[in-house]
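Structural description and commentary
Residues per chain, in single letters:
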Amino acid sequence: MKEINCDEINFADRFRKAAIGHANAATLVHQHLQLSNTSREDSTWVSLQNLIGLAAESAFKAYLVSHDVPVASVRKHAVGHNLIALHQMCVDVGLRDEQVRVNQNVLSDALKQVAEKLGTDHGDYNYRYIEGEKLMLLHAGPATDTAIAAIHALTDIVGARIEETA
């Protein structure tokens, strides 16, 4: 394995911590929405998608930087918030080789579904500004739980990689 420079590891860890924080917040919001039986028309459901999208984006970037992709490459305008492109970049550097399963889904496939479902609205900032005629919302319950669990699994992989290089 190629040695990663300390600045890149710091960025990978920062992206990882951001992903964990957003995923944890998404878990709390999701639980609250389900327990309070909040209507799907409530804008808090849209905010939940934004949290999941931010968590996925940060986790993808953490994975990429921890796998020798320069920080500048994951911050480029064409890639920066594009969940589908970020996921594909992760596949290109080895995500499919990670033998992790999340709720009966292979990790890469679960993350691909998140990227495809939320990617357009996340990349266009529709969840932030609640724009557009119709926004994609993940199903409450298992679909959202799987998305969050997959993000956590990816951050765990990054954490282990950071420890290996320390």
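Described below are features of the structure shown in this document. (Residues numbered from 1 in each chain as written. Predicted model: local features only at pLDDT ≥ 70, side-chain atom pairs only at ≥ 80, totals over all residues. Heavy atoms only, no water.)

**A few points about the environment of alanine 25**
With respect to the secondary-structure elements, alanine 25 resides in helix H1 (residues 6–35). For the pair alanine 25 and glutamine 113, spaced 88 residues apart in sequence, the C-alpha to C-alpha distance is 20 Å. (Helix = DSSP H or I, 4+ residues; strand = E, 2+ residues; numbered from the N terminus.)

**Considering the environment of leucine 154**
Considering the arrangement of structural elements, one finds leucine 154 in helix H7 (residues 142–165). Taking C-alpha positions, leucine 154 is 7.8 Å from phenylalanine 60, a pair spaced 94 residues apart along the chain. Leucine 154 has contacts with Ala59, Phe60, Tyr63, Leu95, Leu107 and Leu111, leaving out every residue within four places of it along the chain. (Contact = heavy atoms within 4.5 Å.)

**Looking at the packing of helix H2 (residues 44–66) against helix H4 (residues 83–92)**
Contact geometry of H2 with H4 gives a least axis separation of 9 Å together with a crossing angle of 30°. As summarised for this structure, H2 and H4 are arranged roughly parallel, according to the angle between their axes. Helix-helix and strand crossings are classified by hand; for H2 and H4 the assignment is left-handed. Counted together, Gly53, Ala56, Glu57, Phe60, Lys61, Tyr63 and Leu64 of H2 and Leu83, Leu86, His87, Met89 and Cys90 of H4 form the full contact between these two elements. When its residues are assigned to classes, the contact of H2 with H4 shows 8 nonpolar, 2 polar and 2 charged. (Axes fitted to C-alpha atoms, helices over the stretch in contact; angles between N-to-C directions. Parallel < 35°, antiparallel > 145°, perpendicular 65-115°, else oblique. Left-handed = near helix turned anticlockwise from the far one by under 90°. Nonpolar A, V, L, I, M, F, W, Y, C, P; charged D, E, K, R; others polar.)

**Focus on unusual backbone geometry**
For asparagine 103, which is not glycine, the phi torsion reads 45° and is therefore positive. Looking at where asparagine 103 falls in the secondary structure, it is placed in the loop between strand E1 (101–102) and strand E2 (105–106). For asparagine 103, a relative accessible area of 46% gives the class partly exposed. In this structure, glutamine 104 is a non-glycine residue whose phi angle is positive, near 75°. Along the polypeptide, glutamine 104 turns up in the loop between E1 and E2. (Buried < 20%, exposed > 50% of the residue type's maximum accessible area, 1.4 Å probe, protein only.)

**Some words on the packing of H4 against helix H5 (residues 107–123)**
Any two packed helices are characterised by the angle at which their axes cross and by the distance between the axes. Relative orientation of the contacting elements H4 and H5 amounts to 155°, with a least axis distance of 7 Å. For the element pair H4 / H5, the angle class is roughly antiparallel. Seen from H4, the contacting residues are Leu83, Ile84, His87 and Val91; seen from H5, they are Ser108, Leu111, Lys112, Ala115, Glu116, Leu118, Gly119 and His122. The class makeup of the residues in the contact of H4 with H5 is 6 nonpolar, 4 polar and 2 charged.

**Description of the nonpolar core**
Grouped together as the largest cluster of nonpolar side chains are 49 residues, with contacts concentrated most on Ile52, Phe60, Leu107, Leu111, Ile151 and Leu154. Counting residues per element, the ones that place at least two in this core are H1, H2, helix H3 (71–75), H4, H5 and H7. (Core = buried A, V, L, I, M, F, W, Y, C linked by side-chain atoms within 4.5 Å.)

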